[in-house]
Amino acid sequence: QVQLVESGGGLVQAGTSLRLSCAASGSIFSINAMGWYRQAPGKQRELVAAITKVGTTNYADSVKGRFTISRDNAKNTVYLQMNSLKPEDTAVYYCNAGVRVEYRGSYVPYWGQGTQVTVSS
């Protein structure tokens, strides 16, 4: 069984920063891409940023230049550094990872439980 646990959310003022962390644990053989998604009230879940195992990154246009995704493969952990936060960044942030639990298995997507980020103006 695989678990993804996020931490680091909270209530902050516009213009400040937060750092989210997501640690994967359990029966893990390998992890390929990891990413962060967010869902605001009344909106669909959207990709915020993603990173491959070798460090190639991809960002939503709305966060480019403000957010940075990184990962520590030894710790099976992905981070999201969020700077210059705006009220429109308010959402529940979810961690996602493609996990293979055995040598000949396929990569299966797993999700964290979500962490709330609220940015006040």
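Above this text is the structure in question.
Note that the structure is predicted; figures quoted are calculated from it, not measured.

### Considerations on the environment of N83
- Note on placement: N83 falls in the loop between β8 (77-82) and β9 (91-100).
- The spatial distance from the C-alpha of N83 to the C-alpha of C22 is 18 Å, given a sequence separation of 61 residues.

### Some words on the pairing of strand β7 (residues 67-72)
- Across the two faces of β7 the burial differs, with F67, I69 and R71 buried and T68, S70 and D72 not buried at all.
- Taking the residues that link successive antiparallel strands as the turn, the β7-β8 hairpin has four residues, and the phi of N76 there is positive, at about 50°.

### Remarks on the sheet that holds β7
- Taking strand neighbours across the sheet as the criterion, the four strands line up as β1-β3-β8-β7 in an open arrangement whose pairing is antiparallel. The open sheet has two edge strands with one neighbour each: β1 (2-7) and β7. When strand polarity is set aside, the average angle formed by the axes of neighbouring strands in this sheet is 15°.
- Relative to strand β3 (residues 18-26), β1 runs antiparallel, the two being bridged by six bridges. Among the inter-strand pairings, V5 is bridged to a residue of β3, identified as A23.

### What about the nonpolar core?
- Counting 29 residues, the largest nonpolar core has W36, L80, M82 and Y93 as its most contacted members.
- Take this core: its biggest share by element is five residues, from β9.
- Non-local contacts of M82, meaning those with residues more than four positions away in its chain, are made with T16, S17, L18, L20, R66, F67, Y93 and V117.

### Quick notes on the pattern of salt bridges
- All told, the structure shown has four salt bridges when counted by the stated rule.
- Between R38 and E46 there is a salt bridge whose closest N-O contact spans 2.8 Å.
- With a relative accessible area of 6%, R38 lands in the buried category.
- Overall, the relative accessible area of 35% leaves E46 in the partly exposed class.
- Between D89 and R66 there is a salt bridge; the shortest N-O distance is 2.8 Å. Linking D89 in the loop between β8 and β9 with R66 in the loop between β6 (57-59) and β7, this pair joins segments that are 23 residues apart in sequence. Here D89 and R66 have matching classes, each one buried.
- Here the salt bridges share partners, and the residues they tie into one network are R38, E46, R66 and D89.

### Quick notes on the layout of surface pockets
- Roughly 180 Å³ of internal volume is contained in the largest pocket.
- Around the largest pocket, the lining is made up of 13 residues, and of these R38, A40, K43, E46 and E88 lie nearest the centre.
- Counted by class, the lining of the largest pocket contains two nonpolar, four polar and seven charged residues.

What counts, and where the lines are drawn
- In this numbering scheme, every chain counts its residues from 1 along its sequence in written order.
- A pLDDT threshold of at least 70 governs which residues receive local features in this predicted model, and a stricter bar of 80 or more applies before side-chain atom pairs are shown or counted, although totals over entire chains, interfaces and linings include all residues.
- By convention in this description, side-chain values take in all heavy atoms of the structure and omit both hydrogens and water.
- Helical segments are the DSSP runs of H or I of at least four residues, strand segments are the runs of E of at least two, and each set is numbered from the N terminus.
- To sort residues, take the accessible area from a 1.4 Å probe on protein chains only and compare it with the maximum for the residue type: under 20% means buried, over 50% means exposed, and anything in between is partly exposed.
- Here, any two strands with at least 2 DSSP bridges between them count as paired.
- Axis geometry follows a simple rule: fit a line to the C-alpha atoms, using only the stretch in contact for helices, then measure angles between N-to-C directions, giving values from 0 to 180 degrees.
- Remark: nonpolar core denotes a set of buried residues (Ala, Val, Leu, Ile, Met, Phe, Trp, Tyr, Cys) joined through side-chain atoms within 4.5 Å.
- We call two residues in contact when some of their heavy atoms are within 4.5 Å.
- Here, a salt bridge means any side-chain nitrogen of Lys or Arg that lies within 4 Å of a carboxyl oxygen of Asp or Glu.
- Cavity: a set of points on a 1 Å grid over the protein atoms alone where a 1.4 Å probe fits but cannot get out. Pocket: an open set with protein on both sides within 12 Å along at least five of seven lines, its lining residues, like those of a cavity, having an atom within 4 Å of a point.
- Grid points are joined across faces, edges and corners, and a volume is the space filled by probe spheres set on the points.
- Residue classes follow a fixed rule: Ala, Val, Leu, Ile, Met, Phe, Trp, Tyr, Cys and Pro count as nonpolar, while Asp, Glu, Lys and Arg count as charged, and any other residue, Gly among them, counts as polar.

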